[in-house]
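Spelled out from the first residue to the last, the chains are:
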2 protein chains.
Amino acid sequence: MSQSALSYEQLRQREPLVLRQSIAAGQYHGHTSGLGQGRVQANIVILPGDWANEFLRYCTLNRQACPVLDVTEPGDPFFRHLGAAIDIRHEVPRYRVYRHGELSEEPLDIEHLWRDDLVAFALGCSFSFEQPLLDAGIRLRHIDLGRNVAMYRTHIDTRPTARLSGKMVVSMRPMKAADAIQAIRITGRMPNVHGAPVHIGDPSLIGIHALDVPDYGDAVPVEADELPVFWACGVTPQSVVQASRPPLCITHAPGCMLVTDLWNRDV
Amino acid sequence: MSQSALSYEQLRQREPLVLRQSIAAGQYHGHTSGLGQGRVQANIVILPGDWANEFLRYCTLNRQACPVLDVTEPGDPFFRHLGAAIDIRHEVPRYRVYRHGELSEEPLDIEHLWRDDLVAFALGCSFSFEQPLLDAGIRLRHIDLGRNVAMYRTHIDTRPTARLSGKMVVSMRPMKAADAIQAIRITGRMPNVHGAPVHIGDPSLIGIHALDVPDYGDAVPVEADELPVFWACGVTPQSVVQASRPPLCITHAPGCMLVTDLWNRDV
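Residues numbered from 1 in each chain as written. Chains lettered and ligands numbered in written order. Predicted model: local features only at pLDDT ≥ 70, side-chain atom pairs only at ≥ 80, totals over all residues. Heavy atoms only, no water.

1. Regarding the pairing of strand S8 (residues 150-157) of chain A
All names here are of chain A.
And then number 1: Sheet topology places S8 next to strand S9 (residues 167-175); 5 bridges connect them, and they run antiparallel. Across the sheet, Met 151 pairs through a bridge with Ser 171, a residue of S9.
And then number 2: Taken together, the 2 bridges between S8 and strand S11 (residues 216-217) define a ladder with antiparallel strand orientation. When the sheet's bridge partners are listed, Ala 150 is paired in S11 with Gly 217. (Pairing = 2+ DSSP bridges. Helix = DSSP H or I, 4+ residues; strand = E, 2+ residues; numbered from the N terminus.)

Have a look at this one:
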């Protein structure tokens, strides 16, 4: 299916549906940041049978870190509630396959891996609330610096199921107090994309001891007149699933998200 | 276990934990409206194995009508995230047992029915948002009249899974415009107990053709200077499950809810 490759710049102009068609046609395998014209981008987790059932219980109990936007029926490779039907076997630019918790391959398509017992989950992502923050005039330093957001493992326990448990991972954005207050109000209205912050201020109170050494992403400086603001992060479910070592788990590759047809204002 | 019976008036003074202990001891089998000192009351649905897994997918796709507050692990009879651990076999005043969609019994306890593959769901309920509306000075006519709320089957399709599908059921409260606007703002902040209304005004636009003939509950008059305001209703998942005729389904008896330790302001 691979046709001539398209550049990131060519894809920026495309509507989500056309963008996904290009990805499904094998024309693009890169990151999706800034693509899709402001639509919701989703984290993807695909699990077999009973692991999928348990993962959905885990997400239900830990909604702030694991907001489920859509879930497929077992064996059905189509998301049906993210806009036009989306074939999860083809419409993500790049996937990661984990076997018993170990990364085993990074395919561009997962048709050959699809099985009758697989269930796909689309989880909300903090990209969705960054645009409304920017629209409100709040500067986001990691964007200004062209870096990934800083993410940390906390000492906050998530609610466990039989096999899935672990600490919450958070993302951090430094803000002046007035912006932090606005950001809390804005994101509090978006419970499907992590909602209000889980903490603000002293990082040690949630088990973070070195803000300049994030566990994931890039370090982002916090100025003296700023507060670090912490949101539950979609890395949480992925790290919890990997730690529990299911026989098979497929995710999107970092930064290579599923671009949906949903508007950020609707989630 | 049945000890001397307690009256509704005796129970009104009791904290939720003590109230549930009285219920578990077989001292009370009546309705819970007004009990529990303002804590969250939950709808209960209990299903076996694969039906439970599918029901959780259905609830995830239809969160406004089916907000899951807690879900147990298969075979575990305890809710662990509604405050103190709650034994779902004993702590509801009265249960209903449906076999293949037909009501078969109304036991006061379900210890004898418990199985290793049962999963219990606690679903949010509109009682939780009625108190904040009353606190804001909004009169609720069904309460003033001592009636149940009026509920209607609409023509709004819920999102289906393989075996679970059906129309949304809504509850209706008549309000003047200013109160309706306030009520939309207040309930919009409570997504775990149905959230903002699904409709306001002309009932025929959502397939309701006789406001004075509700499908469930009691008729409540709407005055000429009022709008009917419609919220997604927890009867939706129960009616959908019954229609799909699972081999076994256990629910609370109408009005005999699970009283949790959660505060309404926290859901």
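2. Focus: the relation of the copies chain A and chain B
And then number 1: For the match of chain A to chain B, the screw axis carries a shift of 0.0 Å, the RMSD comes to 0.0 Å, and the turn is 180°. The superposition of one copy onto the other is thereby described by a two-fold rotation axis. When each C-alpha of chain A is compared by its distance to the rotation axis, Asn 53 of chain A comes out closest, at 2.9 Å.
And then number 2: In this assembly, 95% of the residues forming the interface of chain A have copies in chain B that are likewise at the interface, indicating an isologous arrangement. (Least-squares fit on C-alpha atoms with pLDDT ≥ 70 in both. Contact = heavy atoms within 4.5 Å.)

3. Quick look at the side chain of Arg 39 of chain A
Residue and element names in this part refer to chain A.
And then number 1: Mapped onto the fold, Arg 39 is located in strand S1 (residues 39-48).
And then number 2: Exposure remark for Arg 39: the relative accessible area of 14% places this residue in the buried category.
And then number 3: From its side chain, Arg 39 meets the backbone oxygen of Asp 261 in a polar contact 2.8 Å long.
And then number 4: In this view, Arg 39 contacts Glu 15, Pro 16, Thr 260, Asp 261, Leu 262, Trp 263 and Asn 264; residues no more than four positions away in its chain are not counted. (Buried < 20%, exposed > 50% of the residue type's maximum accessible area, 1.4 Å probe, protein only. Polar contact = N/O pair within 3.5 Å; in protein donor to acceptor, adjacent residues only side chain to side chain.)

4. Observations regarding the packing of aromatic side chains
Residue and element names in this part refer to chain A.
And then number 1: All chains considered together, the criterion is met by 6 aromatic pairs over all chains.
And then number 2: Residues Phe 55 and Phe 121 carry aromatic rings whose centres are separated by 4.9 Å and whose planes lie at 80° to one another, so their mutual orientation is edge-to-face. Here the residue Phe 55 occupies a position in helix H3 (residues 49-61), and Phe 121 occupies one in strand S7 (residues 118-123), the gap between them amounting to 66 residues.
And then number 3: Taking the relative accessible area as the measure of exposure, Phe 55 reaches 1% and is therefore buried.
And then number 4: Overall, the relative accessible area of 1% leaves Phe 121 in the buried class.
And then number 5: Ring plane angle 75° and centroid distance 6.5 Å describe the contact between Tyr 152 and Phe 230, whose orientation is recorded as edge-to-face. Residue Tyr 152 is located in strand S8, and its partner Phe 230 is located in strand S12 (residues 227-232); the two are separated by 78 residues in the primary sequence.
And then number 6: The buried category is assigned to Tyr 152, whose relative accessible area is 1%. (Phe/Tyr/Trp six-rings, centres within 6.5 Å; stacked < 30°, edge-to-face > 60°.)

5. A closer look at unusual backbone geometry
And then number 1: Residue Gln 37 of chain A is not a glycine yet carries a positive backbone phi of 50°.
And then number 2: Unusually for a residue other than glycine, His 100 of chain B sits at a positive phi of about 50°.
And then number 3: On the secondary structure map, His 100 of chain B appears in the loop between strand S5 (95-99) and strand S6 (102-105).
And then number 4: Residue His 100 of chain B is classed as partly exposed on the basis of its relative accessible area of 47%.

6. Some details on the pattern of salt bridges
And then number 1: Tallied over the entire structure, the rule returns 38 salt bridges over all chains.
And then number 2: Among the salt bridges present, the one from Asp 117 of chain A reaches Arg 115 of chain A, with a minimum N-O distance of 3.0 Å.
And then number 3: For Asp 117 of chain A, a relative accessible area of 30% translates into the label partly exposed.
And then number 4: Of the charged contacts in the structure, one is a salt bridge between Asp 261 of chain B and Arg 20 of chain B, with a shortest N-O distance of 3.0 Å. Within this pair, whereas Asp 261 of chain B is found in strand S14 (residues 258-263), its partner Arg 20 of chain B is found in helix H2 (residues 16-24), the two being separated by 241 residues in sequence. Assigned by exposure class, Asp 261 of chain B and Arg 20 of chain B land together as buried.
And then number 5: Each of the salt bridges in this network shares a partner with another, and the network as a whole consists of Arg 20, Glu 91 and Asp 261 of chain A. (Salt bridge = Lys/Arg side-chain N within 4 Å of Asp/Glu carboxyl O.)

7. Examining a nonpolar patch on the surface
And then number 1: There is a patch of nonpolar side chains on the surface, built from Ile 184, Ile 200 and Leu 227 of chain A and spanning about 190 Å² of accessible area.
And then number 2: When you line up the elements, Ile 200 of chain A lands in strand S10 (residues 199-200). (Patch = residues over 30% accessible without salt bridge, like charges linked within 9 Å, V, L, I, M, F, W, Y side chains within 5 Å. Areas by Shrake-Rupley, 256 points an atom, 1.4 Å probe, with all protein chains shown as cover.)

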